[in-house]
Amino acid sequence: MWYESTYSGGILMTDTRMIDDVFASNELRHDAPKVGCPEHEMRPEAAYQLVHDELMLDGVSRMNLATFCTTWVDEFARRLMSETLDKNIVDKDEYPQTAELEQRCVHMLADLWHAPDPSTTRGTSTIGSSEAAMLGGLAAKFRWRKRMHQSGKQAGRPNIVCGPVQVCWEKFARYFDVELRQIPLRAGKYHMTGADAAAHCDENTIMVVSTFGVTFTGLYENVEEISQALDRLERDRGLDIPIHVDAAGGGFLAPFVAPSVIWDFRLPRVKSINSSGHKNGLAPLGSGWAIWREAEDLPEELIFNVDYLGGNMATFNLNFSRPGGPAITQYYELIRLGREGYTRLQTAIYEVCRHLARGIADIGPFEMIHSGDPMRGITAISWRLRGIQPFNLYDLSDRLRARGWLIAAYPLPADRQDEVIMRAVIRHGFSFDMADLLLEDIRRSIDQLTEHPWTTSLTRKEAGSFTHNAVASVPTPDSVRHKGNSR
Ligand SMILES: *Cc1c(COP(=O)(O)O)cnc(C)c1O
């Protein structure tokens, strides 16, 4: 191909002799624009090559077992995402069918999560679980304020009661001025119990947040037990506290592979649920869902009505403009797989989890916390180091990184912050073979760390002694802490 013109040193030149190799072009023969906005144009193929190549430095997403989010979709999902990149989901008027597909997903999820009447349930797609959590929290805050007002009570500062939560709840609390009553972990316990939850509630508690797929371990909180404890609280003290279930991870798993686990709208106290379509929902990034039990559980004050072709469309989102593709592609995944397909696929992913868990337990000094039991947690495994070892889990994480695997090591939340654990989230697209490759690398890494201790970890040197995962004196860099729990 011959190019008619190109820029050189700011002068537009006509150069019909240019050879068609982008790397020999003027654009790529100096450094990339970094600070000031560049003055001149670049041919799209050169700009593309530059951006594409810079991204090689990012990790390989499918080897990133720290993330919960979708890293593999099929060709048709890609096609839909590409076909819909011009669709703004907020334009219900212009794209009524996008709005329709979004609503179909809402009703399907209400059905999956046993809402009393899925055809009238209110819900919305969001950019992810974080936005959905904010909406669930806001709805609870509005309902509580109204309740206090109606009973003539003086409303104090609202609070939410929860166990070890994802950072979105800390955000909700701070952004919307709500007290976060996060119950510290007890020794031997990885999440909140019903009795603990009830003990922390008072009349300013807008809701208890129960996490169905705790970020740190992957384990489910026992929503049913928490609900029963709150039933007793109501009987004994007259406090009627609603539950919001943060099912970011479990909302698209349990309905298919653990239907006997009661965590959803089957419990009347559960008034709202959020889930990440872009996690186990198998949709691409940008898909989250917030669903309320019954229409009345979503206060009118949160709803803005938008007129659109032949009707009125309720919207309640924090964002205005947002891509329509993720919700559209969620619909594609739901109708493509159905209950049968999701069950088969999620079952296969759990099998890989258990295979990996068995392999890790076989390799060595590890105690499994979650081994991929579908009744107990999401498609993840977590473990800790047993006994005193010549390396810690940060060292192992570092070593694996050298082979391209991203596996988080991080401390547990308070009051067990002195204990370090490791977690691998297994997702669509992670095969038995990849698990075997990972196991081989874990084995190799441990051999290396055992043969050459002390060499990899600054933190261990600073600690100055033979430390292991349960020793309080191992300093934890903030970066590591945040990486671990914020996914
Ligand atoms: C991932 C996660 C979130 C946040 O979800 P996003 O979709 O990333 O915004 C919230 N809660 C839990 C339990 C999670 O695992």
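Residues numbered from 1 in each chain as written. Predicted model: local features only at pLDDT ≥ 70, side-chain atom pairs only at ≥ 80, totals over all residues. Heavy atoms only, no water.

Describe the packing of aromatic side chains, naming the residues involved and giving the relevant values.
What characterises a pair of aromatic rings is the spacing of the ring centres plus the angle enclosed by the ring planes. A full pass over the atoms with the stated rule returns 12 aromatic pairs. Where Trp-113 meets Trp-263, the ring centres are 6.1 Å apart and the plane angle is 70°; that geometry is what we call edge-to-face. Of this pair, Trp-113 sits in the loop between helix H3 (96–112) and strand E3 (123–126) while Trp-263 sits in the loop between helix H8 (254–257) and strand E8 (270–276); the two residues are 150 residues apart in sequence, bridging distant segments of the chain. Neither residue differs from the other here; Trp-113 and Trp-263 are each classed as buried. A ring pair is formed by Trp-292 and Phe-316, whose centres lie 5.7 Å apart and whose planes are at 75°; its orientation type is edge-to-face. Within this pair, whereas Trp-292 is found in strand E9 (residues 288–292), its partner Phe-316 is found in the loop between strand E11 (311–315) and helix H9 (325–363), the two being separated by 24 residues in sequence. Phe-316 shares its class with Trp-292; the two are buried. In this structure an aromatic cluster arises from ring pairing among Trp-113, Phe-212, Tyr-220, Phe-252, Phe-256, Trp-263 and Tyr-342. The side chain of Lys-279 reaches across the aromatic face of Phe-68, ending 4.8 Å from its centre. Sitting over the face of the ring of Tyr-190, Arg-416 holds its NZ or CZ atom 4.5 Å from the ring centroid. (Phe/Tyr/Trp six-rings, centres within 6.5 Å; stacked < 30°, edge-to-face > 60°. Helix = DSSP H or I, 4+ residues; strand = E, 2+ residues; numbered from the N terminus. Buried < 20%, exposed > 50% of the residue type's maximum accessible area, 1.4 Å probe, protein only. Lys NZ or Arg CZ within 6 Å of the ring centre and 35° of its normal.)

Account for the sheet that holds strand E12 (residues 366–370), with residues named and values stated.
Here four strands make up an open sheet; going across it, the order is E12-E13-E15-E14 and the pairing antiparallel. Lying at the two open borders of the sheet, with one neighbouring strand each, are E12 and strand E14 (408–411). For this sheet, the mean inter-axis angle between neighbouring strands, taken without regard to orientation, is 30°. Where strand E13 (residues 380–385) meets strand E15 (residues 420–425), four bridges bridge the pair, whose relative direction is antiparallel. (Pairing = 2+ DSSP bridges. Axes fitted to C-alpha atoms, helices over the stretch in contact; angles between N-to-C directions.)

Any details on the sheet that holds strand E6 (residues 205–211)? Residues and values, ideally.
One open sheet holds the seven strands; their spatial order is E3-E9-E8-E7-E6-E4-E5, and the pairing between them is mixed. Pairing within the sheet leaves two strands with one partner each, and these edge strands are E3 and strand E5 (179–182). Across the sheet, the mean angle separating the axes of adjacent strands is 20° when strand polarity is ignored. Pairing analysis gives four bridges linking strand E7 (residues 243–246) to E8, with the strands arranged parallel. Directly across from Asp-246, in E8, lies its bridge partner Asn-274.

Run through H9, naming residues and quoting values.
Along an α-helix, a turn takes 3.6 residues, which lines up residues three or four apart on a common side. Compared with the 57 Å implied by 1.5 Å per residue over 39 residues, the 43 Å span of H9 between its first and last C-alpha is markedly short. The axis of H9 is deflected most strongly, by about 90°, at Gly-338. (Expected span 1.5 Å × (residues − 1). Bend = angle between axes of the 7 residues up to and from the residue.)

For the site of the ligand, give the residues involved together with the corresponding values.
Taken together, 14 residues sit near the ligand, with Ser-129, Ser-130, Asp-246, His-278 and Lys-279 positioned nearest. A distance of 2.6 Å separates a nitrogen atom of the ligand from a polar atom in the side chain of Asp-246. In the environment of the ligand, an oxygen atom lies 2.8 Å from a nitrogen or oxygen atom belonging to the side chain of Ser-276. Across the shell around the ligand, the residue classes tally to two nonpolar, nine polar and three charged. (Near = heavy atom within 4 Å. Polar contact = N/O pair within 3.5 Å; in protein donor to acceptor, adjacent residues only side chain to side chain. Nonpolar A, V, L, I, M, F, W, Y, C, P; charged D, E, K, R; others polar.)

Give a description of the state of the cysteines that names residues and reports values.
Under the counting rule described, the total for this entry stands at zero disulfides. Distance from the sulfur of Cys-162, which forms no disulfide, to the nearest cysteine sulfur (Cys-168) is 9.8 Å. For Cys-162, a relative accessible area of 0% gives the class buried. (Disulfide = S-S within 2.5 Å.)

Please provide a residue-by-residue account of the side chain of Arg-384, values included.
Assignment of secondary structure puts Arg-384 in strand E13. Its relative accessible area of 14% is what places Arg-384 among the buried residues. Within the structure, the side chain of Arg-384 is placed 2.8 Å from the side chain of Glu-419, a separation counted as a polar contact.

Report on the packing of helix H2 (residues 75–83) against H9, specifying residues and quantitative values.
Running from N to C, H2 and H9 cross one another at 150°; their axes reach a closest spacing of 9 Å. Between H2 and H9, the angle falls in the class roughly antiparallel. Our pair here, H2 against H9, has a crossing hand that is right-handed. Of H9, the residues touching H2 (which contributes Phe-76, Ala-77, Leu-80 and Met-81) are Gly-325, Pro-326, Thr-329, Tyr-332 and Glu-333. The residue inventory of the contact of H2 with H9, partitioned by class, reads six nonpolar, two polar and one charged. (Parallel < 35°, antiparallel > 145°, perpendicular 65-115°, else oblique. Left-handed = near helix turned anticlockwise from the far one by under 90°. Contact = heavy atoms within 4.5 Å.)

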